Amino acid sequence: MSMNENGRKSQDQKTFKNKKNTNREEQREKSRRKFAGTCRMCGSVLSYISGTNVMVCKNPSCKGIVKKRRNGDEETVTEVLPVFRCLDEKGMEIASNLFAEAE
Ligand SMILES: [Zn+2]
């Protein structure tokens, strides 16, 4: 067993580890997309707001949900709500893990 052989072995392991980390990051990204779902108005992947139970569409050009309601007899009030989704406790736990490094 020579020094060279040992040196090469640790180099290979290092390369392998980096590759594995990249794959894991890709996997995380896929998991995020799958978990977050997409905005029903513009199709962007929803973002998690850390510390909350809310996933929201952060696309600046997203029109959001337009809601009209009658205010009294004649006036119609138009409200624009951002597209968001609330998470339950379990969902929050998953989101805080999945999106821990996203911000
Ligand atoms: Zn949107």
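Look a little higher up for the structure.
Note that this is a predicted model, so its numbers are computed, not measured. (Residues numbered from 1 in each chain as written. Predicted model: local features only at pLDDT ≥ 70, side-chain atom pairs only at ≥ 80, totals over all residues. Heavy atoms only, no water.)

## Overview of the pattern of salt bridges
What counts here: Here, a salt bridge means any side-chain nitrogen of Lys or Arg that lies within 4 Å of a carboxyl oxygen of Asp or Glu. Secondary structure elements follow DSSP: runs of H or I of four or more residues count as helices, runs of E of two or more count as strands, with numbering from the N terminus. With a 1.4 Å probe rolled over the protein chains alone, any residue whose accessible area is under 20% of its type maximum counts as buried; one over 50% counts as exposed, and the rest are partly exposed.
The full count for this structure, using the stated rule, is three salt bridges. Across the salt bridge formed by Glu29 and Arg32, the nearest N and O atoms sit 3.0 Å from each other. Here Arg32 and Glu29 lie together in helix α1 (residues 3-36), a separation of three residues that amounts to about one turn. Residue classification places Glu29 among the partly exposed residues on the basis of a relative accessible area of 37%. The residue Glu79 makes a salt bridge to Arg69 at a minimum N-O spacing of 3.5 Å. Of this pair, Glu79 sits in strand β4 (residues 75-81) while Arg69 is found in strand β3 (residues 65-71), placing the two residues 10 residues apart along the sequence. According to the relative accessible area criterion, Arg69 is partly exposed, its value standing at 42%. Here the salt bridges share partners, and the residues they tie into one network are Glu25, Glu29 and Arg32.

## Concerning the environment of Thr38
Stated formally: Here, residues are in contact when the closest pair of their heavy atoms is within 4.5 Å.
Here Thr38 shows up in the loop between α1 and β1 (47-48). Remark: the alpha-carbon pair of Thr38 and Arg85, spanning 47 residues in sequence, is separated by 10.0 Å. Apart from the residues lying within four places of it in its own chain, the contact partners of Thr38 are Gly43, Ser44, Val45 and Leu46.

## Considering the nonpolar core
Heads up, the rule is: We define a nonpolar core as any set of buried Ala, Val, Leu, Ile, Met, Phe, Trp, Tyr and Cys residues linked to one another through side-chain atoms lying within 4.5 Å.
Ranked by internal contacts, the top residues of the largest apolar core, which has 13 residues, are Cys39, Leu46, Tyr48, Met55, Cys57, Val83 and Phe99. Setting aside its immediate chain neighbours within four residues, Met55 contacts Phe35, Ala36, Leu46, Ser47, Tyr48, Val83, Phe84, Arg85, Leu87 and Phe99.

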